[in-house]
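Here's the letter readout for the chains.
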Amino acid sequence: MHSRHDRPHRYSPFSVQCLLFNRLPRLKQLIAWVCLCLAVGLPARAEFGDSSLSWTQEQERAVAGYLQRRLQRQGNVINDVWLEYWLAERAERLRQTSTSSLGPVSVVLLRQKAFNAFALPGNVMGFNLGLWENARTEDEFTSVVAHEIAHLSLRHFNRLSDNNRQQAWLAISGALLGVALASMDTEIGGATLIGSQMGAAQQSLSFSRSMESEADRYATDMLREAGYNPSAGAAVFARLQQSLGGRSGSDYWQTHPRAITRSAQLEALQGSATGATGQTSNQYDTLRWYINARYAADDDFAPDPAWQSLTATSDPLLPQQLLDNPDPNSLLGWIRFQTNADDSLTLERLSLLLTLFPDFDPAWYLSAEITARSGSANACREALGALDRINGEYLDVFELRHRLSSECLQSREAEATAAWYWHRGEESRALTLLRRAIEQPGDASQLARLRAKVSDYERQLALLPS
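As the structure is a computational prediction, the values presented were derived from the model and not from experiment.

Quick word on the nonpolar core
Part 1 of the reasoning: M125, W132, F141 and L387 are the most contacted members of the largest nonpolar core, which totals 77 residues.
Part 2 of the reasoning: Examining the composition of this core, we find that eight residues originate from one element, helix α5 (residues 81-95), more than from any other.
Part 3 of the reasoning: Setting aside anything within four residues of it in sequence, one finds M125 in contact with A91, V105, S106, V107, V108, F118, A119, V145, E148, I149 and L152.

Encoded structure:
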């Protein structure tokens, strides 16, 4: 019986690509072919290798959207407005402390329980479910977010390209292929990542390790600037090394410093081997408890939030202790925990929460969900009105808008349905639906909206690197 640390050695780069090549759609076959060519020293398509990573922000957004849609299509992503909002808010707070001209970043939460996070071209960052179990405080979790933002801020993909363009595209194509295959076969997906890395020269591993150390230093400065405890990251890696039981053969460490090394380096950056790892907070405890209960019920890693014992009277509708120092996440957690409350009371409480925090997307979404199922005469349009108050882009919101539009706003049904298809990775289906809708009789403004949406989607596809 092999451990997961032995698995990458069961496959060669060549055997992995050959085994899976015919199972992949055309674009993934291209990625696999480039990865294979580079790994065994064959000439890859020149135009692909010559494509610069110095993309415009518009191209970065197109790549980010494409990667997110591929993950959605494969079922790897946890779609949850509350968690996505929290992650995006923390990432944006850190991005604003970056001294580089980093554009907007996109975040996704993946279902895997392993300790891992990654950054990809297009300013996309992925965070595994396992991070929430490992990181016990917000400072610890945010240290991982800061590290991935540091990779993007330092333009490590561009610098790989400058150092050796073949190795850069090898790393990128291998990463994309590994992500694409992970949902089909976790073991093979991991082997593909290692197989692509094995094709690069040994000096690329050292270069990668130096980038990891540079990212740690940059992240330390960002964390300090944003008001987080910069030494918290050392505790995360020390805990990870302890969980590995001293083993160092994990595939992750092939191109990253070992956990014990990372921990020591981070402690050295602080000038101390000890120290606080960050104070826990009601809002982080709330999110961690929510994730444990909803997505990892078989585990038991999150303590109950302190607010669970709090009660509220008819005036105010929310616990006074939480209102004294209000935080939207703790308030939303308390509201969701009140399982005996009927929908009308929950909506009243959400209304009060939104009065305090009018831009809190998760509360608007929950309000729309509850309103939609109320069955009142205006429920459908009121729920759509709540969705219109949401600023971010979330697949759950696109899905609910699609369903509601079919019930009470048929003039926007084609647009809403196409947007849902598009963001879940069914681009061809979305474009076909829009083009057919344009052929149907309609008013001038509706047809103009449909044509504009087709042009937008086609442009996003055209912006992808060839």
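Moving on from the model shown.
Considerations on the packing of aromatic side chains
Part 1 of the reasoning: Enumeration according to the criterion identifies 15 aromatic pairs in this entry.
Part 2 of the reasoning: Taking 4.7 Å as the distance between ring centres and 45° as the angle between the ring planes, the aromatic pair formed by W82 and Y290 counts as tilted. Here W82 is found in helix α5, whereas its partner Y290 is found in helix α14 (residues 282-295), with 208 residues between them in sequence. Grouping residues by exposure puts W82 and Y290 together as buried.
Part 3 of the reasoning: Joined through ring pairs, the aromatic side chains of W86, F127, W132, F141 and Y284 make up one cluster.
Part 4 of the reasoning: When the ring centre of W420 is taken as origin, the NZ or CZ atom of R424, which lies over that ring, is 4.0 Å away.

A short note on the state of the cysteines
Part 1 of the reasoning: Under the counting rule described, the total for this entry stands at one disulfide.
Part 2 of the reasoning: The partner cysteine of C380 in its disulfide is C408, sulfur to sulfur 2.0 Å. An S-S torsion of about -75° defines the bridge between C380 and C408 as left-handed. Here C380, found in helix α19 (residues 379-388), pairs with C408, found in helix α20 (residues 395-408); they are 28 residues apart in sequence, far enough to count as distant. When sorted by exposure, C380 lands in the same class as C408, which is buried.

Here's the deal with the environment of G333
Part 1 of the reasoning: With respect to the helices, strands and loops of the structure, G333 is situated in helix α16 (residues 328-337).
Part 2 of the reasoning: What makes G333 buried here is its relative accessible area of 1%.
Part 3 of the reasoning: For the pair G333 and N282, spaced 51 residues apart in the sequence, the C-alpha separation amounts to 9.7 Å.
Part 4 of the reasoning: G333 has contacts with W82, T286 and W307, leaving out every residue within four places of it along the chain.

Things to note about the pattern of salt bridges
Part 1 of the reasoning: Using the criterion set out here, one finds 17 salt bridges in the structure.
Part 2 of the reasoning: Between E138 and R90 there is a salt bridge, with its nearest N and O atoms 3.2 Å apart. On the criterion of sequence distance, the pair formed by E138 in helix α7 (residues 138-153) and R90 in helix α5 is long-range, its members being 48 residues apart. By the burial criterion, E138 is buried, and R90 matches it.
Part 3 of the reasoning: The network of salt bridges with common partners includes R69, R70 and E427.

Thoughts on the sheet that holds strand β1 (residues 106-110)
Part 1 of the reasoning: Read from one edge of the open sheet, three strands run β1-β3-β2, paired in mixed fashion. The sheet is open, and its two edges are formed by β1 and β2 (117-120), each paired on a single side. On average, each strand axis in the sheet is tilted by 20° relative to the strand beside it, whichever way the strands run.
Part 2 of the reasoning: Sheet analysis places β1 next to strand β3 (residues 124-128), joined by five bridges and oriented parallel. Counterpart to V108 in the pairing with β3 is G126.
Part 3 of the reasoning: Sheet strands touched by helix α4 (residues 57-74): β1, β2 and β3. Its angle to β1, the strand with the most contacts, is close to 15°.
Part 4 of the reasoning: Helix-sheet contacts for α5 involve β1 and β3, and the interaxial angle to β1 is about 135°.

Cut-offs and rules
Residues numbered from 1 in each chain as written. Predicted model: local features only at pLDDT ≥ 70, side-chain atom pairs only at ≥ 80, totals over all residues. Heavy atoms only, no water. Core = buried A, V, L, I, M, F, W, Y, C linked by side-chain atoms within 4.5 Å. Buried < 20%, exposed > 50% of the residue type's maximum accessible area, 1.4 Å probe, protein only. Helix = DSSP H or I, 4+ residues; strand = E, 2+ residues; numbered from the N terminus. Contact = heavy atoms within 4.5 Å. Phe/Tyr/Trp six-rings, centres within 6.5 Å; stacked < 30°, edge-to-face > 60°. Lys NZ or Arg CZ within 6 Å of the ring centre and 35° of its normal. Disulfide = S-S within 2.5 Å. Salt bridge = Lys/Arg side-chain N within 4 Å of Asp/Glu carboxyl O. Pairing = 2+ DSSP bridges. Axes fitted to C-alpha atoms, helices over the stretch in contact; angles between N-to-C directions.

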